[in-house]
Amino acid sequence: MAAMLETDGLVAGYEPGLPIVRGASIRVEPQEIVVILGPNGAGKSSLIKAIAGLVPISGGAVRLAGVEITRVPAHRMVQAGLAFVPQTENVFPLLSVQDNLRVSAGGLPRADTAARIEEMFALFPDLARQRRLMAGSLSGGQRQMLAAARALIVRPRVLMLDEPSAGLSPRFVEMVFARLAEIRRGGVTVVLVEQNARAALAIGDRAYVLVEGRVAHEAPAATLWDDPVVAELYLGQRSDGGR
Amino acid sequence: MALQFLLNGLIEGSMIGLGAIGVTLTYAILRFSNFAHGDFMAWGAYSTLMLVGLIGSAVGTVAPIGPLSFGWPLILAGLGGMVFTGCLALLLDWLLFARLRARGQAIVVVMASFGASMALRNLLEFAFTSSPTYFSRKIQIARPIGLGIRITPDQTVLLGMTLVLVVGMHLLMTYSRTGREMKAVSQNPALARVVGIDLDRIVRMTWLIGGALASAAGLMVGVLVQIRPLMGLDMLLPMFAAAILGGIGSVPGAVLGGLVIGLSQAASVQLVGAEWRQAVAFVILVAVLLVRPTGLFGVQER
Ligand SMILES: Nc1ncnc2c1ncn2[C@@H]1O[C@H](COP(=O)(O)OP(=O)(O)O)[C@@H](O)[C@H]1O
Ligand SMILES: [Mg+2]
């Protein structure tokens, strides 16, 4: 059976001849949560940005549910079923919360939009109370909620998030990961890039460790934390002194 | 002090404001100062003039509407001129700006717009000479409307046109999908693509709207003042001042900025003499930027 999302020897970078992603192959099964770990600068963000069509791809392939989406323009990814939440600047600060959702729902049938916005507000009640507020004035945690709602409104098949817990207070981190688990139960496949490895592995099914633009290791999330290979590849990210 | 300057300023401000909408949108969405925008105004006026001539040669002389200096052919030609100038802006983008934008150096695009401005102006001078021309040479009688202010029928109608266009633009930006998408692109083009907005479509809309409104402003200048190849160049500084004054990206801001500049210019003619008129836009611009760098309607992003 075809994977929900798959990259095959993906090579991508910002300038010609300077690949940042250097032949990365990952495979995400339907309704899995796959975590992508790796040291700073490993190319994790670049990998998912390349999948989303934001970084030029110079080699390899990306497939979504068996359909090749390599080099599909970024604005068509939503239609293909792929949603992406960038790490920073992931909402429109000078649009209201409601208009952030509206402008992201362009791919939906017009009649569906209003109902779908209400569904998002039901999923994130915090946002509903602030629907007329400018997104730029939301707190960090609420912004992440809005960014997630914005991505989910189009009913994506795959949701990719870049460090959604970065900079959040522990209370919000817990909430974000609980929400992601819920979203997966709703049938969405999740790809999660995280520095907060412990929390991510707790909800993840499988994990890839990316080093210098390549997959250095792959393992079930439950065993990865105690894997000595990972400790070696992934030094500095473990604060609880595993070895 | 005679209050006539208020009306003169309002009219001048409307012309500046209509042009400034295009300037502010181009800057916000394409991120460059289009110095050829003034020439869109001139091309709008001349294309409207040509269309009036075409209609005239097809249907013969048409009587003016009531007390106005023009009849329905000018209205039709004005709409045609808006479409023509919108398409001219699109064409210029396709031929020139899009290619340079793709290379990613903003300053190159700005310099190209200087070149385009010169070329557009020279083409007009070549085709129509640099001497002024008019839609109509009929003298209009200005009627008093109180407080010693007088207004001509043409002025009344064109102020009404400005109001309709400005309100229409504001509604488009606030309530339409395209308007929201334009705002989204101006705030974060990469995120706009991520949420499924076709940047190329938004860029095309921006040129069409900017060109069409510049044409309307050109029509207004042409009817109320005169048509010259340099008419747009003279408006360039006031238009940029208005756009920056109002806050880049804000349609109501551009219009309000235009009114402030127009009224100040008219007041300065009365108070300190016409030779200072051009300096006024500049002085106001600098003063406002010192006090409020984001402009009147601008919002600090962080
Ligand atoms: N917009 C960009 N332009 C050029 N180089 C970039 C850009 N973004 C990231 N890089 C480079 O790509 C490499 C990987 O960065 P990134 O993908 O952000 O890594 P990670 O998310 O794993 O920390 C870094 O060396 C970084 O300098
Ligand atoms: Mg990163």
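## Here's the deal with the sheet that holds strand 4 (residues 57-64) of chain A
All names here are of chain A.
So, point 1. Taken in spatial order, the 4 strands make up an open sheet running 2-1-4-5, and their pairing is antiparallel. With one partner strand each, in any of the chains shown, strand 2 (21-28) and strand 5 (67-68) form the two edges of the open sheet.
So, point 2. Sheet topology places strand 1 (residues 5-12) next to strand 4; 6 bridges connect them, and they run antiparallel. If you follow D8 over to strand 4, its bridge partner there is A61.
So, point 3. Lying on the sheet, helix 1 (residues 44-51) is in contact with strand 1, strand 2 and strand 4; it crosses strand 1 at an angle near 110 degrees.

## Let's talk about the interface of chain A and chain B
So, point 1. Counting residues at the interface gives 20 residues for chain A and 19 residues for chain B.
So, point 2. Interface of chain A and chain B: buried area, both sides summed, is about 1900 Å²; carbon and sulfur atoms make up 63% of it.
So, point 3. On the chain A side of the interface with chain B, the three residues burying the most area are A:H75, A:F92 and A:L94, jointly 33% of the side's total.
So, point 4. Linking chain A with chain B are 0 salt bridges.

## As for the environment of B:S47
All names here are of chain B.
So, point 1. Among the secondary structure elements, S47 is positioned in helix 2 (residues 37-59).
So, point 2. Between the alpha carbons of S47 and L230 there is a distance of 15 Å; along the sequence they are 183 residues apart.
So, point 3. Those residues in contact with S47, other than ones at most four positions away along the chain, are G81, F84 and T85.

## Some thoughts on the packing of helix 2 of chain B against helix 3 (residues 72-103) of chain B
Residues and elements named next belong to chain B.
So, point 1. One can describe the packing of helix 2 onto helix 3 by two numbers: an axis separation of 7 Å at closest approach and a directional angle of 135 degrees. With respect to their mutual orientation, helix 2 and helix 3 come out oblique. At the point where helix 2 passes helix 3, the crossing takes the right-handed sense.
So, point 2. Looking at the contact of helix 2 with helix 3 residue by residue, the class counts come to 15 nonpolar, 7 polar and no charged.

## Comments concerning the confidence of the model for chain A
So, point 1. With 93% of its residues at a pLDDT of at least 70, chain A reaches an overall mean of 89.
So, point 2. Low pLDDT, under 50, characterises residues 238-243 of chain A; the stretch is placed with 7 contacts to residues that sit more than four places away or in other chains.

## A word on the site of ligand 1
Residues and elements named next belong to chain A.
So, point 1. For ligand 1, the full set of nearby residues is Y14, I20, P39, N40, G41, A42, G43, K44, S45 and S46.
So, point 2. For ligand 1, an oxygen atom lies 3.0 Å from a polar atom in the backbone of G43.
So, point 3. A distance of 2.7 Å is found between an oxygen atom of ligand 1 and a side-chain nitrogen or oxygen belonging to S45.
So, point 4. The residue inventory of the shell around ligand 1, partitioned by class, reads 4 nonpolar, 5 polar and 1 charged.

## Describing the pairing of strand 9 (residues 206-211) of chain A
All names here are of chain A.
So, point 1. For strand 9, the buried fraction is high: 5 of the 6 residues fall into the buried class.
So, point 2. In this sheet, strand 9 lies alongside strand 3 (residues 33-37) in parallel orientation, the contact comprising 4 bridges. If you follow V35 over to strand 9, its bridge partner there is A207.
So, point 3. Counting the residues between successive antiparallel strands, the hairpin from strand 9 to strand 10 (residues 214-220) contains 2 residues, one of them, E212, with a positive phi of roughly 50 degrees.

## A word on the pairing of strand 4 of chain A
All names here are of chain A.
So, point 1. As paired strands, strand 4 and strand 5 are joined by 2 bridges and run antiparallel to one another. Bridge assignment links R63 to a residue of strand 5, and that residue is E68.
So, point 2. Two successive antiparallel strands, strand 4 and strand 5, enclose a turn made up of 2 residues, where A65 displays a positive phi of approximately 50 degrees.

## Let's talk about the sheet that holds strand 10 of chain A
Residue and element names in this part refer to chain A.
So, point 1. Strands sit in the order 6-7-8-3-9-10 across an open sheet of 6 strands; the sheet is mixed. A strand with exactly one partner marks an edge of an open sheet, and here the two such strands are strand 6 (82-85) and strand 10. Ignoring strand direction, the axes of neighbouring strands in this sheet form an average angle of 20 degrees.
So, point 2. Pairing between strand 9 and strand 10: 6 bridges, direction antiparallel. Among the inter-strand pairings, A207 is bridged to a residue of strand 10, identified as A219.
So, point 3. Most of the contacts of helix 1 go to strand 7 (residues 158-162), to which it runs at about 145 degrees, and overall it touches strand 3, strand 6, strand 7, strand 8 (189-193) and strand 9.
So, point 4. Helix 6 (residues 140-152) rests against strand 6 and strand 7 of the sheet, and its axis sits at about 165 degrees to strand 6.

## Topic: the nonpolar core
So, point 1. Core analysis: the biggest nonpolar cluster contains 116 residues, and A:L5, A:I51, A:M160 and B:I21 have the highest contact counts within it.
So, point 2. Sort the elements by how many residues they give to this core and helix 8 (residues 199-224) of chain B lands first, with 13 residues.
So, point 3. Those residues within four positions of B:I21 in sequence are excluded, and the remaining contacts are B:V166, B:M169, B:L213, B:V251, B:A254 and B:V255.
So, point 4. Grouped together as the second largest cluster of nonpolar side chains are 51 residues, A:A149, A:V154, A:V190 and A:L201 included.

## With respect to a nonpolar patch on the surface
All names here are of chain B.
So, point 1. On the surface, a nonpolar cluster with roughly 560 Å² of combined accessible area is contributed by V59, I65, W72, I75, L76 and L79.
So, point 2. In terms of residue count, the dominant contributor to the nonpolar patch is helix 3 (4 residues).
So, point 3. With respect to the helices, strands and loops of the structure, L76 is situated in helix 3.

Thresholds, definitions, all that
Residues numbered from 1 in each chain as written. Chains lettered and ligands numbered in written order. Predicted model: local features only at pLDDT ≥ 70, side-chain atom pairs only at ≥ 80, totals over all residues. Heavy atoms only, no water. Pairing = 2+ DSSP bridges. Helix = DSSP H or I, 4+ residues; strand = E, 2+ residues; numbered from the N terminus. Contact = heavy atoms within 4.5 Å. Axes fitted to C-alpha atoms, helices over the stretch in contact; angles between N-to-C directions. Buried area = accessible area lost by both parts, 1.4 Å probe. Salt bridge = Lys/Arg side-chain N within 4 Å of Asp/Glu carboxyl O. Parallel < 35°, antiparallel > 145°, perpendicular 65-115°, else oblique. Left-handed = near helix turned anticlockwise from the far one by under 90°. Nonpolar A, V, L, I, M, F, W, Y, C, P; charged D, E, K, R; others polar. pLDDT = per-residue confidence, 0-100. Near = heavy atom within 4 Å. Polar contact = N/O pair within 3.5 Å; in protein donor to acceptor, adjacent residues only side chain to side chain. Buried < 20%, exposed > 50% of the residue type's maximum accessible area, 1.4 Å probe, protein only. Core = buried A, V, L, I, M, F, W, Y, C linked by side-chain atoms within 4.5 Å. Patch = residues over 30% accessible without salt bridge, like charges linked within 9 Å, V, L, I, M, F, W, Y side chains within 5 Å. Areas by Shrake-Rupley, 256 points an atom, 1.4 Å probe, with all protein chains shown as cover.

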